[in-house]
Amino acid sequence: MASRPRTLYEKIWDAHVVETREDGTSLVYIDRHLVHEVTSPQAFEALRIAGRTVRRPDLTLAVPDHNLPTTARRDASGNRLPIADPESAAQLAALERNAPEFGIAYIGPTDAAQGIVHVVGPEQGFSLPGATIVCGDSHTASHGGIGALAFGIGTSEVEHVLATQTLLLQPSKTMEVRVEGELPAGVTAKDLILHIIGRIGTAGGTGHVMEYRGPVFDAMSVEGRLTVCNMSIEAGARAGLIAPDETVFAYLEGRPFAPRGDAWDRAVAWWRSLGTDPGARFDKSVVIDAREIEPTVTWGTSPEDVAPIGASVPHPDSFADPGKRDAVRRSLAYMGLEPGQKLAEVPIENVFIGSCTNSRIEDLRAAAQVLRGRRKAEGVKWAIVVPGSGLVKAQAEAEGLDQVFIEAGLEWREPGCSACLAMNPDKVPPGERCASTSNRNFVGRQGPGARTHLLSPAMAAAAAVTGKLTDVRELVG
Ligand SMILES: CC(C)[C@H](C(=O)O)[C@@H](O)C(=O)O
Ligand code: SF4
């Protein structure tokens, strides 16, 4: 039977629409719901007041991550340590009460599998290809890396999904980001997505679901794909997607929540059919040449403010748009940078290796490769490595990576969002810079007055060693 060629997005969307209304809005079935402590308390409270239950507790998974301190979680006698900040403690307490009350699986702060929701979902095989996945969190886009249609929702929608396992949605437009060629040595998934956002801007994907296509993604690890899709939201997109393939199936097989036996075989057969059909059309398309990409850093306070490490801080007047010129002037003042200053000479006082963008095992291996046998520079006052989950932590320790970090003078922490955003004790002091593997360099993101430079784990490690933004290719050939 011949049918219209469809994109990956259209296939997942079509498979989940329950009903479409005259105004074009559709009621869409949600396969997986991840819940964290920050955006769920009011949603559960509303259910409680309305006397409602959770429609599919078995498709819902709760993990605290944002507010947890990343220092030891137990005292010497093994008792769990309380959270000092009252608001954070209250949000955690709410999740710990709501999960059992509503019958939802919960991975608590001292559980070996705890971590950042977007690391935990794929790692547990809870996030699956072809699934619709939501979470009250903008970086839910990450899960597109395994071929799921995954996006962030607000707290009222969290309540709606808890109660009904559905959402009312407008269909998105589709955008193809085709990357040609291979990434040069020393250039990672993080450099690629920073480069893409630099090219298309933070509004480049607005209203669209972006599908990343081309040989670079076929060759990319699952970790790298999660990194790329994670930052789709910083390009304004509703979600990011990469077609699921054998690399993804091998990664997911046998994970705790993944289907088994016949169910697994049936699932894989369906997943194999999801790739965009030849001839399917996208509403928008952009082509990027991977060979042109260099290790990339941000210099401003928007994720689109990127430049190759060999470049200099741009002059505000070099931007055509008057609004952007003003924004760049303000950015540079906040960042304490002068136009024309060489990026590779910008001093760094803090280093953060972590966040749902770059805290998986491959990220830690890349950082350790640079740090092995080296020490952090004198000028680097604070440098922390925060694994994305307890399982990543255990794997890193089994490989001796923790010792590499500690010997280099970095701190090895417990899993959580940490210094990615200033919602827990890990903060960058005012006026200081941080070489950070996270995804947002907004004003105050890592603490009031903190200055963030986004980069890859290897580049963060290089900055730790030299005390300034550095081309990692000068340290590891
Ligand atoms: C706290 C949460 C709602 C927020 C988000 O939605 O992304 C956070 O995870 C972030 O990265 O800014
Ligand atoms: S690690 Fe950062 S970006 Fe990711 S969910 Fe946590 S706060 Fe948001």
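Residues numbered from 1 in each chain as written. Chains lettered and ligands numbered in written order. Predicted model: local features only at pLDDT ≥ 70, side-chain atom pairs only at ≥ 80, totals over all residues. Heavy atoms only, no water.

- For the protein, an unreviewed UniProt entry supplies the name 3-isopropylmalate dehydratase large subunit and the organism Tsuneonella deserti.
- Turning to the protein, the UniProt record has this under Sequence similarities (unreviewed entry): "Belongs to the aconitase/IPM isomerase family. LeuC type 1 subfamily."
- Reading the Catalytic activity (unreviewed entry) entry of the UniProt record for the protein gives the comment "(2R,3S)-3-isopropylmalate = (2S)-2-isopropylmalate". (UniProt positions renumbered as here; feature names shortened; annotations may be inferred.)

1. Details of the UniProt feature "binding site: [4Fe-4S] cluster" (unreviewed entry) in the protein
So, step 1. As annotated by UniProt and renumbered to match this structure, "binding site: [4Fe-4S] cluster" (unreviewed entry) occupies Cys356, Cys417 and Cys420. Their sequence span is 65 residues, while the largest C-alpha to C-alpha distance among them is just 8.7 Å; these annotated residues converge on one region.
So, step 2. Relative to the helices and strands, Cys417 is located in the loop between strand E17 (411-412) and strand E18 (433-436).
So, step 3. Residue Cys417 is classed as buried on the basis of its relative accessible area of 7%.
So, step 4. The residues contacting Cys417, other than those within four sequence positions of it, are Asp65, His66, Ile116, Phe352 and Asn424.
So, step 5. The residue Cys420 is located in the loop between E17 and E18 in this model.
So, step 6. Judged by its relative accessible area of 6%, Cys420 is buried.
So, step 7. Those residues in contact with Cys420 that sit more than four places away from it in its chain are Phe352, Ser355, Ser438, Asn439, Arg445 and Gln446. (Helix = DSSP H or I, 4+ residues; strand = E, 2+ residues; numbered from the N terminus. Buried < 20%, exposed > 50% of the residue type's maximum accessible area, 1.4 Å probe, protein only. Contact = heavy atoms within 4.5 Å.)

2. Side note on the sheet that holds strand E1 (residues 17-20)
So, step 1. Taken together, the three strands give an open sheet; going across it, the order is E1-E2-E8, and neighbouring strands pair in antiparallel fashion. Every other strand in the sheet has two partners, leaving E1 and strand E8 (166-169) as the edge strands with one partner each. Mean inter-strand twist for the sheet, computed between neighbouring axes without regard to direction, equals 20°.
So, step 2. Relative to E8, strand E2 (residues 26-29) runs antiparallel, the two being bridged by four bridges. From the neighbouring strand, Ser26 faces E8, where its bridge partner is Leu169. (Pairing = 2+ DSSP bridges. Axes fitted to C-alpha atoms, helices over the stretch in contact; angles between N-to-C directions.)

3. Let's talk about the site of ligand 2
So, step 1. Lining the immediate environment of ligand 2, one finds His66, His118, Asp137, His139, Ser355, Cys356, Cys417, Cys420, Leu421, Asn439 and Arg445.
So, step 2. For the shell around ligand 2, the residue count by class is four nonpolar, five polar and two charged. (Near = heavy atom within 4 Å. Nonpolar A, V, L, I, M, F, W, Y, C, P; charged D, E, K, R; others polar.)

4. Re the site of ligand 1
So, step 1. Every residue near ligand 1 is listed here: Thr39, His66, Gly136, Asp137, Ser138, His139, Met423, Arg440 and Arg445.
So, step 2. Here an oxygen atom of ligand 1 and a side-chain polar atom of Ser138 are 2.5 Å apart.
So, step 3. One of the side-chain nitrogen or oxygen atoms of Arg440 is found 2.9 Å away from an oxygen atom of ligand 1.
So, step 4. Protein contacts shield 80% of the accessible area of ligand 1, which totals 310 Å² for the unbound molecule.
So, step 5. Broken down by class, the residue content of the shell around ligand 1 amounts to one nonpolar, five polar and three charged. (Polar contact = N/O pair within 3.5 Å; in protein donor to acceptor, adjacent residues only side chain to side chain. Areas by Shrake-Rupley, 256 points an atom, 1.4 Å probe, with all protein chains shown as cover.)

5. Some details on unusual backbone geometry
So, step 1. One non-glycine residue, Gln165, lies in positive phi territory at about 60°.
So, step 2. Given the relative accessible area of 1%, Gln165 is considered buried.
So, step 3. For Ser355, which is not a glycine, the phi torsion comes out positive at approximately 85°.
So, step 4. Within the secondary structure layout, Ser355 lies in the loop between strand E15 (350-353) and helix H12 (361-371).
So, step 5. For Ser355, a relative accessible area of 1% corresponds to the buried category.

6. Points about the packing of aromatic side chains
So, step 1. Scanning the entire structure with this criterion turns up eight aromatic pairs.
So, step 2. An angle of 35° between the planes, with centres 5.2 Å apart, marks the rings of Phe44 and Phe102 as tilted. Of the two residues, Phe44 is situated in helix H2 (residues 41-50) and Phe102 in the loop between helix H3 (86-101) and strand E5 (105-106); the sequence distance between them amounts to 58 residues.
So, step 3. Using a relative accessible area of 0% as the deciding quantity, one classes Phe44 as buried.
So, step 4. For Phe102, a relative accessible area of 10% gives the class buried.
So, step 5. An aromatic cluster of at least three residues, connected via ring pairs, comprises Phe249, Trp264 and Trp271. (Phe/Tyr/Trp six-rings, centres within 6.5 Å; stacked < 30°, edge-to-face > 60°.)

7. Some points on the packing of H2 against helix H5 (residues 155-164)
So, step 1. Running from N to C, H2 and H5 point in directions that differ by 50°, and their axes come no closer than 8 Å. Here H5 runs oblique to H2, going by the angle between their axes. In terms of crossing hand, the pair formed by H2 and H5 is right-handed. Within the contact between the two elements, H2 uses Gln42, Ala43, Phe44, Ala46 and Leu47 and H5 uses Thr155, Val158, Glu159, Leu162 and Ala163.
So, step 2. A breakdown of the residues in the contact of H2 with H5 according to their chemical character gives seven nonpolar, two polar and one charged. (Parallel < 35°, antiparallel > 145°, perpendicular 65-115°, else oblique. Left-handed = near helix turned anticlockwise from the far one by under 90°.)

8. A short note on the nonpolar core
So, step 1. Membership of the largest hydrophobic core comes to 50 residues, with the highest contact counts inside it found for Val351, Leu364, Leu371 and Phe405.
So, step 2. When residues of this core are traced back to their parent elements, those giving at least two are helix H11 (322-335), E15, H12, strand E16 (382-385), helix H13 (390-398), helix H14 (401-407) and helix H15 (457-466).
So, step 3. In terms of residue count, the dominant contributor to this core is H15 (eight residues).
So, step 4. Once you skip the residues sitting within four places of it in the chain, Val351 turns out to touch Val380, Trp382, Ala383, Ile384, Cys434, Ala435, Ala460 and Ala464. (Core = buried A, V, L, I, M, F, W, Y, C linked by side-chain atoms within 4.5 Å.)

9. Focus: the side chain of Ser331
So, step 1. Residue placement: Ser331 occurs in helix H11.
So, step 2. What makes Ser331 buried here is its relative accessible area of 4%.
So, step 3. With sequence-adjacent residues up to four places away left out, Ser331 is seen in contact with Gly300, Thr301 and Asp305.

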